Amino acid sequence: MTLSVTGVLAPAKRFLATLLPIALLSAPLPLFAQPASSSAAGEPPFDQLPLEDIQTFAEVFERIKRAYVEEVDDSTLLRNAMRGMLSELDPHSAYLDEEEYQSLRESTQGEFGGIGIEVGTENGQLMVITPIDDTPASRAGLLSRDIIVAIDGTPTDSMSLQEAVTLMRGEPDTELRISILRSGEDSPREFILTREIIRSESVKHEQLEPGYGYLRVSQFQSRTTEQAREALERMAREQPLEGLILDLRNNPGGVLQAAVGIADLFLDEGLIVYTEGRLSDTAMSFSASPTTPAGDVPLVVLINGGSASAAEIVAGALQDQRRGVIMGTASFGKGSVQQIMPLGNGEGLKLTTALYYTPNGRSIQAQGIEPDVDVVRGRLEVAESRREIREADLEGHLSAQQAPRDRQEMTERLLNDYQLSEALNLLKALNVVDRQRR
């Protein structure tokens, strides 16, 4: 087959002259210069390009160059084509220019200027996966699954995920205006947020009650496992743990190795997670080590719709290994693996190359983790009842000692967090049942 092109302007001819040798001589594509065995059986090798589709592509390129209302240079058109090629694969694959590539590297290091939200796309809509703890987004009240309809007045319906991230990031102390549409509401809400340097600590801990610990992991960073281990050891020194709540709500994920490390803190054997992709080097498997600082402590794991990716790996592993009770609402369902591939020009690709699977072989992708106990968001309320005479009504009654300030704050927190309160109640019930069995 040969290609024939008529009426092509000079820029398109130069483009086609570059492209034709690739097609006609079957030159290999540098990015996919893999051994022939990496191709699936029956598929054409990577170096055999579909000539008819290339001809159509060149024709579209020529029409844009000749007829588009504004002049567009070749480089812009080609980069737009590459962006479209990747963005149509799935919501997480993307072509990254130099600025976007650097921005992504900054975010993986845990420090950048922004408002503190993890975003994704669903059905073509830009959506909040989760607000990160102690950031402008979480303080303003943004919620998981809020749909972002505009950023600084620019509609997001035709905006790529990376373009949206780039718009929302910026210099600290600058304002960002976003409009969101929340489930069950007819009109968008507008938020005006002030960007900050986002340096979120990934682990927090405290004692809910004597013997009952709380471990919050807000995202998975390179030091998350070490911080969580230190927190567990510190709580155990204060008082032996009779139960622990691991809070993974609104955790957008992060570093795979950190997720494996957190699961390993509670498991002393067995598979944690494995991945599968088309290429041999995307198949990985991670298992627990024999030593664990919290091997037999009763455990409740809190998840919700903002728990994604690495958070789902931890919840899925602990659920399949029957190590703890998963409580809350179904997780987000982001079970794909992205690799960041640098390009020779300082730009890069973010490409989905594999899927996560729980120890029992469940795919997390678009499925998520279903809790063992469903508990929706809410607030404990004191029920109105008939007024009864109590000790405090009697003349001359003894006054109670004032509760410590931190205890007052914890009581208020449990009242405001129904899921956390129910998790604590479940831990106490598990301990009662365990003592009765002894």
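Cut-off values and rules
- Residues numbered from 1 in each chain as written.
- Predicted model: local features only at pLDDT ≥ 70, side-chain atom pairs only at ≥ 80, totals over all residues.
- Heavy atoms only, no water.
- Helix = DSSP H or I, 4+ residues; strand = E, 2+ residues; numbered from the N terminus.
- Contact = heavy atoms within 4.5 Å.
- Areas by Shrake-Rupley, 256 points an atom, 1.4 Å probe, with all protein chains shown as cover.
- Pairing = 2+ DSSP bridges.
- Axes fitted to C-alpha atoms, helices over the stretch in contact; angles between N-to-C directions.
- Polar contact = N/O pair within 3.5 Å; in protein donor to acceptor, adjacent residues only side chain to side chain.
- Core = buried A, V, L, I, M, F, W, Y, C linked by side-chain atoms within 4.5 Å.
- Buried < 20%, exposed > 50% of the residue type's maximum accessible area, 1.4 Å probe, protein only.
- Parallel < 35°, antiparallel > 145°, perpendicular 65-115°, else oblique.
- Left-handed = near helix turned anticlockwise from the far one by under 90°.
- Nonpolar A, V, L, I, M, F, W, Y, C, P; charged D, E, K, R; others polar.
- Salt bridge = Lys/Arg side-chain N within 4 Å of Asp/Glu carboxyl O.
- Phe/Tyr/Trp six-rings, centres within 6.5 Å; stacked < 30°, edge-to-face > 60°.

If you look the protein chain up in an unreviewed UniProt entry, it shows as Peptidase S41 from Vreelandella boliviensis LC1.

Where do I start with the overall build of the protein chain in this structure?
Along the backbone of the protein chain there are 11 helices and 19 strands. Restricting to contacts in the protein chain with at least 6 residues of sequence separation, those with at least 24 account for 68%. Accessible area of the protein chain: about 24,200 Å², with a carbon and sulfur share of 50%.

Honestly, the sheet that holds strand β11 (residues 212-217) in this entry has me stumped. Any pointers?
Spatial strand order, β10-β11-β12-β15-β16-β19: six strands in an open sheet with mixed pairing. Each of the sheet's edge strands pairs with one partner strand only, and the pair in question is β10 (203-209) and β19 (373-374). The sheet contacts of helix α7 (residues 224-238) involve β10, β11 and β12 (243-247), and relative to β10 the element is tilted by about 25°.

Mind showing me how you'd approach unusual backbone geometry here?
As a rule of thumb, non-glycine residues mostly have phi less than zero, and peptide bonds are mostly trans rather than cis. The phi dihedral of D173 falls on the positive side, at around 70°, and the residue is not glycine. Along the chain, the position of D173 falls in the loop between α6 (161-168) and β7 (175-181).

How should I be thinking about the side chain of N251 in this particular structure?
Take N251: it is sitting in the loop between β12 and α8 (256-264). Within the structure, the side chain of N251 is placed 2.8 Å from the backbone oxygen of V217, a separation counted as a polar contact. Among all residues touching N251, those that are not within four sequence positions of it are T130, V217, S218, Q219, F220, G306, S307, A308 and A311.

Got a minute to help me understand the nonpolar core in this structure?
Note on soluble globular proteins: their nonpolar side chains tend to be buried together. Ranked by size, the top nonpolar core spans 43 residues in total, and within it L215, F220, L246, L248 and F266 carry the most contacts. Counting residues per element, the ones that place at least two in this core are β11, α7, β12, α8, β13 (271-277), β15 (299-303), α9 (310-320) and β18 (348-357). Among the elements that make up this core, the one with the highest residue count is α9 (seven residues). Aside from chain neighbours lying at most four places away, what touches F220 is L248, N251, G253, G254, V255, A258, A259, I262, A310, A311 and V314. Within the second largest apolar cluster, 19 residues are counted, among which are V119, L126, V165 and I180.

Is there a simple way to explain the packing of α8 against α9 in this structure?
Angle between the axes and distance between the axes are the two parameters that describe a pair of packed helices. Two elements in contact, α8 and α9, have axes separated by 9 Å at closest approach and are oriented at 30°. Judged by the inter-axis angle, α8 sits roughly parallel to α9. Between α8 and α9 the crossing geometry is right-handed. From α8, L256, A259, I262 and A263 reach across to α9, where they touch A310, I313, V314, A317 and L318. When the residues that make up the contact of α8 with α9 are grouped by side-chain class, the tally is nine nonpolar, no polar and no charged.

Would you explain the pattern of salt bridges in this entry?
According to the stated counting rule, one finds 19 salt bridges in the structure shown. Note that R79 is salt-bridged to E347, the shortest N-O span being 3.3 Å. With a gap of 268 residues between them, R79 in helix α3 (residues 74-87) and E347 in the loop between β17 (336-342) and β18 connect regions that are remote in the sequence. Between R189 and E185 there is a salt bridge whose closest N-O contact spans 2.5 Å. Owing to a relative accessible area of 27%, E185 belongs among the partly exposed residues under this scheme. Through salt bridges with shared partners, a single network forms among D133, R216, D247, R249 and D417.

Would you mind going over the packing of aromatic side chains with me for this structure?
For any pair of aromatic rings, the description rests on two quantities: the centre-to-centre distance and the angle between the ring planes. Per the stated rule, a full pass over the model turns up one aromatic pair. Their ring planes at 15° and their centres at 5.3 Å tell us that Y274 and Y357 sit as a pair that is stacked. You can see Y274 sitting in strand β13 and its partner Y357 sitting in strand β18, a full 83 residues away along the chain. Classification of Y357 by relative accessible area gives buried; the value is 16%.

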